Amino acid sequence: MSDQMQFIVEKLNQEPFRKSYNLITFDSLESVQLLQLLNDVLGEIDPKHVVDIREELPEQTAKRMLTLLGILKYKPPGSISDLSAFRQGLVTGSKPVIHPVLYWLLQRTNELKKRAYLARFLVKLEVPVEFLQDDTVADVNKQYEELMEAFKNLHKECEQLKTSGFSTAEIRRDISAMEEEKDQLIKRVERLKKRVETVQNHQRMLEIARQLRLEKEREESLAQQKQEQKNQLFHAEQRLQRAQLQLKEMHHAVVDSKPESLMKKLEEEINFNSYLTTEKIPRELESKKKSVYFLQKTVGEPALSQSDLNVLEMKINEVNAQINQLIEKRMSKYEPIDSKFSMYRQQASIISRKKEAKAEELQAAKEEMSSMERQMLQKTNQAQELEGSEVLKGDEFKHYVNKLRSKNTFYKKKRLEIAEITAEYGILQRTEELLKQRHEAIQQQLQAIEDKKGISGYSYTQEELERVSAVKSEMDEMKGRTLDNMSEMVKKLNTMVAEKKSSLAPVIKELRQLRQKCQELTQECDEKKIQYDSCAAGLESNRSTLEQEVKGLLEECIQEESNYRYVNCMKRNLEIQLQRAKEEMKMYVSPDPQERRKAIREQYTRMILEQENLGKKLREKQKVVRESHGPNMKQIKMWQDFEQLMECKRECFLKQQNQTAIGQVIQEGGKDRLVL
């Protein structure tokens, strides 16, 4: 612990804090001073937190510090209960909480500065899903994410450039080498000019070369513009697809609809939206505000144990029971048993609850429908990318709608026919049931007559014989027909085979010749293919080697160009710094006192003297406050005792007045007498 405090004191005494603490003065700091010191360290990391904590509420200070510590990924030691104790200690300025935070911050100040800087641009702003349904909000959110990704890439490139910096000696060597190369290039250009001057029309050729270079630059700019226009066209097509989908949905809603139905639908939507805006959403907002207020109040209170929670639950149950009893008493007092108002109130409450439930179900259905619409739009885009199918437009869509209408009318007609057939089938089925019932009754009568005559089973046997004879005759007829059909089929097949043979004979001869030609051409094709493969392999190897060489040369060229630009930038920076140093030296050496006062050294010297004088005054003031602290506390104690004494006298006076109401107190000769 002493090592930790020693490290904190050393860091605070250095730049940029310059606190001039020692272990004793640092340990004697009060909670407010500790919180201000922690706020100063956080302000050094993130300039947005350079504030005076006396000008804001303790809850706001704690919330601001906790937010920044969360961004900086500070992990307090301990479990969940320790986390609540950490929050409480941060609010009260507890030393066991503040000291580890200061030690952690001062250990890695530069790293945390970088993290706080990146958090300003990389902490993503969460947009609710219902707001993203708007096309404008969705496009802006997409641009925001693209800018965030671009910032990440630029920051990485900047860090790479910072880490890949050269020393001044290397830069000087590079500058001298580039100057030598520049002289060589100038000499080479002069030699080339001398050679070119002997050539006819060299001015025209130089002009043509310059125009060629300008045209190439123009071609690059046009290619870039073309790519940007392609991106804009892609975004415009996406917006057009969304608009067409919405238009299609509106057409589907308008088809086969009347003005009365549309007005009724609009009235329902207006009623639903008015219900949401006037009743549901304000009630939910009020409940959310109450819950947030209670949560903030809970966070501000100290951590509760399990026993405290049990006591609170018992109190809540008792209060709920008392509320129920009071409600029952009120109902029994103001609403008689035979009154119908209670029934109406119950029905109204049930209807309101059902209304709220249906409104929530409708809201959930709308959200689900919007999500399904987005999924459908994504699927249509994917289908268009994969298959290339297009959405029906104009006359094609009208033709498709007319076709669907004709199919719909045909379907309705067929459905009417099916309904008629179904009704007729029901009638016939009922008739069949009646006939079966009559047949069973007649069979029972016939059976009774046969039993009476002593020939039971005669009718059944007669029916079976007739059925068997009918089946036998049918089988004989079928056998005869089958044999005749088979003989005719055999004759037809024989004639067909003979005709096919006669017609295929010349074709078979031609096929044999073609097979021989095919074999010869196949052999020749295989030979040519082998030659082509060998030649293609050689060319491919040559092409790959050339591509690698070109790629290496391009990378080398790009690297040299970037080095050249980097060296130029460093050279400009050094020149600017040298110019500033010369100006500063000129002002510092100048005999004119006005010019000398403008020098930075003189300004900082004056500021140091002012701060030292201010520190002396504050230390003297602190000394005076410490010396007068004891007498001031005694005076406060005396005033408190005086206040208690006056309160006691006031109570005695009130008691004396109450006694006079009973009797009369007479004071004579230093004695008190009570006269009733």
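Just so you know, the residues in each chain are numbered from 1, in the order the chain's sequence is written. Two thresholds apply to this predicted model, a pLDDT of at least 70 for residue-level local features and 80 or more for giving and counting side-chain atom pairs, whereas whole-chain, interface and lining totals are computed over all residues. Side-chain measures were taken over the full set of non-hydrogen atoms in the model, leaving aside hydrogen atoms and water.

So the rule is basically this: UniProt positions are given in the numbering used here, feature names are shortened, and annotations may be inferred rather than shown by experiment.
The name given to the chain in an unreviewed UniProt entry is Intraflagellar transport protein 81 homolog, with Aythya fuligula as the source organism. UniProt, in its Subcellular location (unreviewed entry) section for the chain, records the words "Cytoplasm, Cytoskeleton, Cilium basal body". Turning to the chain, the UniProt record has this under Sequence similarities (unreviewed entry): "Belongs to the IFT81 family."

### A closer look at the overall build of the chain
Condition: We count a stretch as a helix when DSSP gives it H or I for four or more residues in a row; a strand needs E for two or more, and each element gets its number in order from the N terminus. Note on classification: 1.4 Å probe, protein chains only; a residue is buried when its accessible area is under 20% of the maximum for its type, exposed when over 50%, partly exposed between these limits. We call two residues in contact whenever any of their non-hydrogen atoms come within 4.5 Å of each other. Surface accessibility follows the Shrake-Rupley procedure with a 1.4 Å probe radius. Residue values consider only the protein chains on display as shielding.
Counting its secondary structure elements, the chain contains 19 helices and two strands. Out of the 676 residues belonging to the chain, those deemed buried represent 11%. Long-range pairs, those at least 24 residues apart, make up 54% of the contacts in the chain with a sequence separation of at least 6. Carbon and sulfur atoms make up 58% of the accessible area of the chain, which amounts to about 57800 Å² in all.

### A few points about the side chain of Asn141
Along the polypeptide, Asn141 turns up in helix 9 (residues 135–163). Overall, the relative accessible area of 14% leaves Asn141 in the buried class. Discounting residues that sit within four places of it in the chain, Asn141 has contacts with Val127 and Leu132.

### Notes on the pattern of salt bridges
Using the following cut-off: Salt bridges are counted wherever a side-chain nitrogen of Lys or Arg sits within 4 Å of a carboxyl oxygen of Asp or Glu.
The final tally for this structure, using the stated rule, is twelve salt bridges. With its nearest N and O atoms 3.1 Å apart, the salt bridge here joins Glu44 to Lys113. Of this pair, Glu44 sits in helix 3 (residues 31–45) while Lys113 is found in helix 7 (residues 109–122), placing the two residues 69 residues apart along the sequence. Residue classification places Glu44 among the partly exposed positions, given a relative accessible area of 29%. A residue is classified by how much of its surface remains accessible, and Lys113, at 30% relative accessible area, is partly exposed.

### Some thoughts on the packing of aromatic side chains
Keep this limit in mind: Any two rings among Phe, Tyr and Trp, with Trp reduced to its six-membered ring, count as a pair given centres within 6.5 Å; such a pair is stacked if its planes are under 30 degrees apart, edge-to-face if over 60, and tilted if neither.
A complete count under the given rule lists two aromatic pairs for this structure. Taking 5.8 Å as the distance between ring centres and 90 degrees as the angle between the ring planes, the aromatic pair formed by Trp639 and Phe642 counts as edge-to-face. One end of the pair, Trp639, and the other, Phe642, are both in helix 19 (residues 629–662), three residues apart, so they sit about a helical turn from each other. The class of Trp639 is exposed, set by a relative accessible area of 54%.

### Regarding a negative patch on the surface
Our working rule: Like charges are joined within 9 Å and nonpolar side chains (Val, Leu, Ile, Met, Phe, Trp, Tyr) within 5 Å, but only among residues with over 30% relative accessible area and no salt bridge; these make up the patches. Only four residue types enter the tally: Lys and Arg on the positive side, Asp and Glu on the negative side; His and the chain ends are excluded. The location of each charge is read from NZ of Lys, CZ of Arg, CG of Asp or CD of Glu.
Side chains of Glu179, Glu180, Glu181, Asp183, Glu556 and Glu560 sit close together on the surface and give a patch of like negative charge. Within the residue set of the negative patch, elements represented by two or more residues are helix 10 (168–197) and helix 16 (458–589). The element that contributes the greatest number of residues to the negative patch is helix 10, accounting for four residues. Here Glu180 is to be found in helix 10.

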